[in-house]
Amino acid sequence: MYSGVPQGWISLTETNKTMKKILIAALAFTLILPAAVADEGMWMLPLLEKMNAKSLKSLGCKLSPKEIYDINNSSLKDAVVQFGGGCTGEIISDQGLLVTNHHCGYGSIQKLSTPEHNYLEDGFWALTADQELPVPGLTVKFLQRMSDVSDVLEKAWNEVMDACRAAGMSDEEAVAKALEVREEARAGLKKQVEEANPDCTVEVVDFYNRNVAYLIVYKVFRDVRLVGTPPVSLGKFGGETDNWMWPRHTCDFSMFRVYASPDNRPADYSPENKPYRPRRSLQISIKGVQDGDFAMIMGYPGRTQRFQTADQLDAMMEQLDLAVKARTVRQKVMMEGMSADSGVRLKYASKYASSSNGWKKWQGEKLSFRKLDIIGREKRKEADFAKWVAQDQERTRKYGQALESVSKAVSGSREADLQKRLIAEALFNIGPVTNASVFKSVYQRTLRGSKDSTAALSEAVKQTSALFKDYDDALERKMAKAMIAFYLDNPAGDGKLVDVLSVSPVETLVDELFDSSIFASAQKLEASEAGGYSAFGDDVFMKIRDAVVERYIALSKATRQYEMTLAKGSKDFAGGLLEWNGPDAPSYPDANRTTRLTYGKVMSYSPKDGVLFHHYTTLDGVMEKEDPENYEFRVPEKLKTIYNTKDYGQYATKDGRLPVCFLTNCDITGGNSGSPVMNAKGQLIGLAFDGNWESMSSDVMFEPDLQRCICVDIRYVLLIVDKFGGAQRLIREMNIVK
């Protein structure tokens, strides 16, 4: 294992390492340039002082970069968490109270719901501390610090590349070996820091297509409890119809509380745990927002593709088109079952929501790609880039093969990647196949840890049985038939799996499988434990699961030969782009689920000629959209009473209306859901929860005239907590300023 760990890492001392050479010019340039307007950019927190200080101040931010990110003193980053691994949340009291989006808490709320206590449909408010509900498996992650380790990993890379070339190895062999040693160096860094900091988890994360790497330290809290949520009629008002659309009127929030051990450290759930005492919680401003006001958002954006080539984007769109088709089939069957039975709706609400969000986004992305000529613009950019590279011998040496290498890798792996996506969307979404996969994974993991096969079997049965809480046999059969038929009818279907799934007509095959499998029935599953592991290993759906996994792995191995070519080409392309674009271009990396800051203004927009969308909506729009016959547009009677009596209290605007949502031009993507939208003083004014339909290609190219972030106004959130939920004890916890 490579052990080139520099002195001082055990204590996590912050260093003043310079960014990679490709960024030095950009950093220097930003120190002398007049501050530019920022809206595009998901900026890295450790570089704010160097890259964004003047721009932040010019736009009206009242905070210094150190007040936003500081590893030695309390700063805004201490109040912002990654929620559940895929969203963002923020701490809004000194007792660990956390707010995030309703759709971020949706799965947890559904997990806690029963037909007798349907918190999704009815909402939930813990009016006392002992009513707060623990959510098994839910975690929140606090950033401690980020430190540049690029030099350590680059040294490991270069030493191996030089040695391999001296030994006469091919470039592909050298890159493969260098990547292996680089991973060993990453593991060495991670291990040493985690051993010295037992309450922390450590990640070593690449940026700019592996041109830069940071070691990131987090504290993960494992006792998180549901405190309050509006009913789905408010938290998901507008449903899929309004998803990704403006004007918007969704009260998209839910509240949780972080608990810690009595000494304020991360701990598993215990009745002895106490509300977490955070280093920082956000003040809440109910002053309101105006068009042109400064706004900033901190969060954990998921993935963007702003350093990908046209070939990569074309292949991505082919995969997304397949995914949309598969989900259209599955969601149609699922919705039919949910619409016919309220019990089924509760069981499948979270599954449907998680599927449909991407399904609609990808359709919008396809439309935006075509309307905005995204791939055509990327091709023209690459042509100009290639001309620039060819004008200089040194640039040709460094970047001359980058585009060709990426193209070769994409072309070589494209068919196998499409087959893998088809397997993932169709076959891995068959209920008993999922159950069999969970069973086998839990069994093998537990067996490795305990070496006790009886205990491993018991744990696998226990965890797999829990899946049947959200399982309906009749609906699962219908979905299985639909997805197997979809797979068999698709040209990308793999021949070997087609043979396995074609032994009899789909209708007959599925019914026979479900009738005989122990993974299609909780009762059969639990009753089979006495027969030992063989009863599970020989099950018909376990055999199908094994065949599917075997083929998926084979396809992955077939594409492995292209991974090194792609890694090298992508790294060189990103490095070349940074050098070519020069110091005056935005110098931020693609989103990768690490903490970022984006900032801009509250801003209206015009989606097309003759149409202007204002920057805000009000409760008037909720009432205008109400349709008691449409599940997506129901309005609770209590909210209608508040509206009719105008009982808005301190949350009303000067003209007596209640604000609901507003727009900013901040640069966000998936993972920013639940992120705090803050004013110039760092006070909470809203929660980011969506993007707009006209800029669905924004993960690839930022569109300043069109791209907007949709936010729920914090005044609407507080009114629902206070007037609708009656949870004044939560209001009293918060630091609310006017």
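Here the residue numbers are simple positions, counted from 1 along each chain's written sequence. This being a predicted model, a pLDDT of at least 70 is required before a residue's local features are given, and a value of 80 or more before pairs of side-chain atoms are given or counted; all residues contribute to the totals for chains, interfaces and linings. In computing side-chain properties, one takes all heavy atoms of the structure into account and sets aside hydrogens as well as water.

Peer 1: Tell me about the packing of aromatic side chains, residues and numbers included.
Peer 2: Paired rings are identified among Phe, Tyr and Trp, the last through its six-membered ring, by centres lying within 6.5 Å, and are further divided according to the angle between planes into stacked (under 30 degrees), edge-to-face (over 60) and tilted (the rest). With the rule as written, the count across this model stands at 25 aromatic pairs. Ring plane angle 50° and centroid distance 4.5 Å describe the contact between F221 and Y276, whose orientation is recorded as tilted. A residue pair is termed long-range when its members are at least 10 positions apart, and F221 in strand 9 (residues 212–221) and Y276 in the loop between strand 12 (274–275) and strand 13 (284–285) qualify at 55 residues. Of the two residues examined, F221 and Y276, each falls in the buried class. These aromatic residues form a ring-pair network of at least three members: F385, W388, Y399, F573 and W580. Lysine and arginine charges are scored as sitting over a ring when NZ or CZ, respectively, is within 6 Å of the ring centre and within 35 degrees of the ring normal. Residue placement shows R225 over the ring face of Y259; its charged tip is 3.6 Å from the ring centre. Helix numbers and strand numbers start at the N terminus; a helix is a DSSP run of H or I with at least 4 residues, a strand a run of E with at least 2. When accessible area is computed with a 1.4 Å probe and restricted to protein chains, residues below 20% of their type maximum are described as buried, those above 50% as exposed, and intermediate ones as partly exposed.

Peer 1: Describe the pattern of salt bridges, naming the residues involved and giving the relevant values.
Peer 2: Opposite charge on two side chains permits them to pair, given that their charged atoms come into close proximity. Salt bridge, as used here, is a side-chain nitrogen of Lys or Arg placed within 4 Å of a carboxyl oxygen of Asp or Glu. As enumerated under the stated definition, the model contains 50 salt bridges in all. Here E240 ties to K236 by a salt bridge, and the two come within 3.8 Å at their closest N and O atoms. Since its relative accessible area comes to 12%, E240 is described here as buried. A relative accessible area of 26% means that K236 is categorised as partly exposed. Its salt-bridge partner being E579, residue K398 comes within 3.3 Å of it at the nearest N-O pair.

Peer 1: Just give me the short version of the state of the cysteines, but keep the residues and values in it.
Peer 2: Two cysteine sulfurs form a disulfide in these notes if their separation is within 2.5 Å. Using the criterion set out here, one finds one disulfide in the structure. In this model C87 forms its disulfide with C104; the gap between the sulfur atoms is 2.2 Å. Across the disulfide from C87 to C104, rotation about the S-S bond amounts to roughly -85°, and the bridge is consequently left-handed. Of this pair, C87 sits in strand 3 (residues 87–91) while C104 sits in helix 5 (residues 102–112); the two residues are 17 residues apart in sequence, bridging distant segments of the chain. Cysteine C61 shares no disulfide, and the gap to the nearest cysteine sulfur, in C666, comes to 11 Å. No disulfide involves C711; its sulfur sits 3.7 Å from the nearest other cysteine sulfur, which is in C709. Under the relative-accessibility criterion, C711 is labelled buried at 0%.

Peer 1: Talk me through the packing of helix 11 (residues 310–340) against helix 18 (residues 473–489); I want residue IDs and the actual numbers.
Peer 2: The geometry of helix 11 relative to helix 18 is characterised by a closest axis approach of 9 Å and an angle of 155° between their N-to-C directions. Judged on the interaxial angle alone, helix 18 and helix 11 are roughly antiparallel. For helix 11 against helix 18, the interelement crossing comes out right-handed. From helix 11, L322, K325, A326, V329, R330, V333, M334 and G337 reach across to helix 18, where they touch L475, K478, M479, A482, M483 and F486. By the convention adopted, Pro, Cys, Tyr, Trp, Phe, Met, Ile, Leu, Val and Ala count as nonpolar, Lys, Arg, Asp and Glu as charged, and the other residues, Gly among them, as polar. Partitioned by chemical class, the residues of the contact of helix 11 with helix 18 number ten nonpolar, one polar and three charged. Convention adopted: a line fitted to C-alpha atoms gives each axis, helices being fitted over their contacting stretch, and angles between N-to-C directions are expressed from 0 to 180 degrees. Angle categories: roughly parallel below 35 degrees, roughly antiparallel above 145, roughly perpendicular from 65 to 115, and oblique for all the rest. Take the far helix as the reference: if the near one is turned anticlockwise from it by less than a right angle, the crossing is left-handed, and if turned clockwise, right-handed. It only takes one pair of heavy atoms within 4.5 Å for two residues to be counted as in contact.

Peer 1: Before we move on, could you go through unusual backbone geometry and cite the residues and values that matter?
Peer 2: In this structure, the amide linkage connecting W246 to the following residue, P247, adopts the cis form with an omega of 5°. Here P247 shows up in the loop between helix 10 (239–242) and strand 11 (254–260). In the Ramachandran plot, Y208 falls in the positive-phi region, its phi being about 50° despite a non-glycine side chain. Residue position: Y208 is located in the loop between strand 8 (200–207) and strand 9. Notably, K646 is not glycine yet its phi reads approximately 55°, a positive angle. Structurally, K646 is set in the loop between helix 25 (637–645) and strand 19 (659–664).

Peer 1: I'd love a proper account of the pairing of strand 14 (residues 294–299), names of residues and values included.
Peer 2: Counting buried residues in strand 14 gives six out of six residues, a clear majority hidden from the surface. Going residue by residue along strand 14, you find F294, M296 and M298 tucked away on one face and A295, I297 and G299 tucked away on the opposite face as well. Strand direction decides the pairing type here: strand 14 and strand 15 (residues 596–601), joined by six bridges, are antiparallel. Residue pairing across strands places M298 opposite L597, the latter belonging to strand 15. Here two bridges tie strand 14 to strand 20 (residues 676–678), and the two strands are oriented antiparallel to one another. Bridging across to strand 20, M296 finds its partner in M678. Pairs of strands are assigned from DSSP output, requiring at least two bridges between the strands.

Peer 1: Now, about the nonpolar core: what can you tell me, with residues and values included?
Peer 2: The nonpolar core is taken to be a set of buried Ala, Val, Leu, Ile, Met, Phe, Trp, Tyr and Cys residues, with the residues joined through side-chain atoms within 4.5 Å. F253, M255, M296, L619, L639, Y716 and I720 are the most contacted members of the largest nonpolar core, which totals 91 residues. If one sorts the elements of this core by residue count, helix 26 (residues 714–724) sits on top with eight residues. Discounting chain neighbours no more than four positions away, the residues touching M255 are I92, L98, V99, R225, L226, V227, G228, V717, V721, L730 and M734. V510, A520, F536 and L555 belong to the second largest nonpolar core, which has 45 residues in total.

Peer 1: Describe the pairing of strand 10 (residues 223–229), listing the residues and the values that go with them.
Peer 2: The element strand 10 is extensively covered by neighbouring structure, given that seven of its seven residues are classed as buried. The pairing of strand 5 (residues 124–125) with strand 10 spans two bridges and is classified as antiparallel. Bridge pairing links F124 to T229 in strand 10. The sheet contact formed by strand 6 (residues 133–134) and strand 10 spans two bridges and is antiparallel. Bridged to L133 within strand 10 is L226. Bridge analysis of strand 10 against strand 11 gives five bridges, and the strand direction is antiparallel. By the bridge assignment for strand 11, G228 is matched with M255.

Peer 1: Explain the packing of helix 13 (residues 374–390) against helix 23 (residues 540–581) to me, using residue names and the numbers behind them.
Peer 2: Helix 23 packs onto helix 13 with a crossing angle of 80° between their chain directions and a minimal axis gap of 11 Å. Classified by the angle between their axes, helix 13 and helix 23 sit roughly perpendicular to one another. Each of E378, K381, E382, D384, F385 and W388 in helix 13 lies in contact with helix 23, whose residues at this interface are F573, G576, L577, E579 and W580. When the residues that make up the contact of helix 13 with helix 23 are grouped by side-chain class, the tally is five nonpolar, one polar and five charged.

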